[in-house]
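# Breakdown of the fold
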Amino acid sequence: MASDRRTLLADAALAVLADEGMRGLTHRAVDRRAALPPGTTSAYFRTRAALLTALVTRLVRLDQEELHTTAAQLPPLRTPDDLVDAMVLLTRRRLTGEGRLRSLARYACTVESVRDPELREILVPRENAGREAVRAFLAGQGVTDVDTRTHTLLTCIDGLVFDGLVNAGEVPREALEGLVAAALR
């Protein structure tokens with residue numbers, strides 16, 4: 001039960017952070033969002049640092065699950081258009097619904113991690129099915145320096161997602177086509 005309660009509180013903290021920002025993330029706000037009695041969050045996560053660590057750990061887990069699920073749903077990446085289609089799907093997921101909430105929380109936590117090495121360590125990019133699919137596609141296309149190009153491509157796409165969040169827009173397919181073409185050069 002405690003594990004389920006911790007997950008519930010981490011999910012509530014993620015939603016509070018996405019909706020109210022870092023300043024709005026308090027134990028009381030999480031209690032309210034989780035519809036639990038006052039003091040519940042504090043009983044499970046005594047400090048703000050403990051609450052943030054739980055939130056970031058949960059966020060990374062949800063992101064990893066989404067990336068693995070997305071990669072499993074896609075056909076093998078054979079052409080640049082296949083890769084662009086996959087990126088269109090991923091960016092849409094990151095800009096809508098639960099994905100949007102996680103993106104907002106992720107960027108807030110990323111900024112916070114600049115001053116918090118423990119958070120930074122949790123947020124360090126991990127190998128995952130999505131990253132590996134991009135890496136394998138680029139390698140299969142004969143790209144040299146695959147690791148650098150994979151990192152650059154995914155970082156640029158992340159920047160487009162950030163821009164989409166800030167400006168309430170979408171990531172244009174043409175922009176993704178340009179990034180994939182540049183990675184293949």
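Data block above holds the structure.
All values derive from a computational prediction rather than experimental measurement.

Following both chains from N to C, one finds helix H5 (residues 80-95) and helix H9 (residues 146-166) inclined at 40°, their axes separated by 10 Å at the closest point. In terms of axis orientation, H5 runs oblique to H9. Here H5 and H9 pass one another in a crossing that is right-handed. Across from Leu 83, Met 87, Thr 91, Arg 94 and Leu 95 in H5, the residues of H9 making contact are Leu 153, Leu 154, Ile 157, Val 161, Gly 164 and Leu 165.

Taking 1.5 Å of rise per residue, the 12 residues of helix H10 (residues 173-184) would be expected to cover 16 Å, and the 17 Å separating its terminal C-alpha atoms lies within 8% of that figure. Within the span of H10, buried status applies to Leu 176, Val 180 and Ala 183. Down the axis of H10, the smallest arc covering the buried residues is 60°, so these residues share one side. The inward-facing, buried residues of H10 contact H5, helix H8 (129-140) and H9.

Let us look at unusual backbone geometry. Positive phi, close to 55°, is recorded for Asp 145, a residue that is not glycine. Structurally, Asp 145 is set in the loop between H8 and H9. The backbone of Ala 168 sits at a positive phi, close to 50°, despite the residue not being glycine.

So, on to the nonpolar core. Leu 25, Val 30, Leu 55 and Val 56 are the most contacted members of the largest nonpolar core, which totals 26 residues. Among the elements of the structure, helix H1 (2-24), helix H2 (27-34), helix H4 (48-73), helix H6 (97-113) and helix H7 (117-123) are those that each provide at least two residues to this core. Among the elements that take part in this core, H4 stands out by supplying eight residues, more than any other. Once you skip the residues sitting within four places of it in the chain, Val 56 turns out to touch Cys 109, Leu 119, Ile 122 and Leu 123. Counting residues in each nonpolar core, the second largest holds 20 residues, with Leu 83, Val 134, Phe 137 and Ala 183 among its members.

Glancing now at the environment of Arg 5. One can find Arg 5 in helix H1. When the C-alpha atoms of Arg 5 and Ala 34 are compared, they prove to be 9.5 Å apart, with 29 residues separating the residues in sequence. Beyond its immediate chain neighbours, meaning those up to four positions away, Arg 5 contacts Leu 36, Thr 40 and Tyr 44.

Rules and cut-offs
In this convention, every chain numbers its residues from 1, walking through the sequence in written order. Totals for whole chains, interfaces and linings use all residues, but because this is a predicted model, local features are given only for residues with pLDDT of at least 70 and pairs of side-chain atoms are given and counted only at 80 or more. Where side-chain values are given, they derive from all heavy atoms of the structure, hydrogens and water being excluded. For helices, the fitted line uses only the C-alpha atoms of the stretch in contact; every axis is such a line through C-alpha atoms, and the angle between N-to-C directions lies from 0 to 180 degrees. Numbering of helices and strands runs from the N terminus; a helix is a DSSP stretch of H or I covering at least four residues, while a strand is a stretch of E covering at least two. Oblique is the label for any angle not covered by the other classes, which are roughly parallel (under 35 degrees), roughly antiparallel (over 145) and roughly perpendicular (65 to 115). Here a crossing is taken to be left-handed if its near helix is turned anticlockwise relative to the far helix by less than a right angle, and right-handed if that turn runs clockwise. Residue contacts are counted whenever heavy atoms from the two residues lie within 4.5 Å of one another. Multiplying one less than the number of residues by 1.5 Å gives the expected span of a helix. Relative accessibility thresholds used throughout: buried, under 20% of the residue-type maximum; exposed, over 50%; partly exposed, between the two (1.4 Å probe, protein chains only). The directions from the helix axis to the C-beta atoms form the arc being described. Here, nonpolar core refers to any group of buried Ala, Val, Leu, Ile, Met, Phe, Trp, Tyr and Cys residues whose side-chain atoms link them within 4.5 Å.

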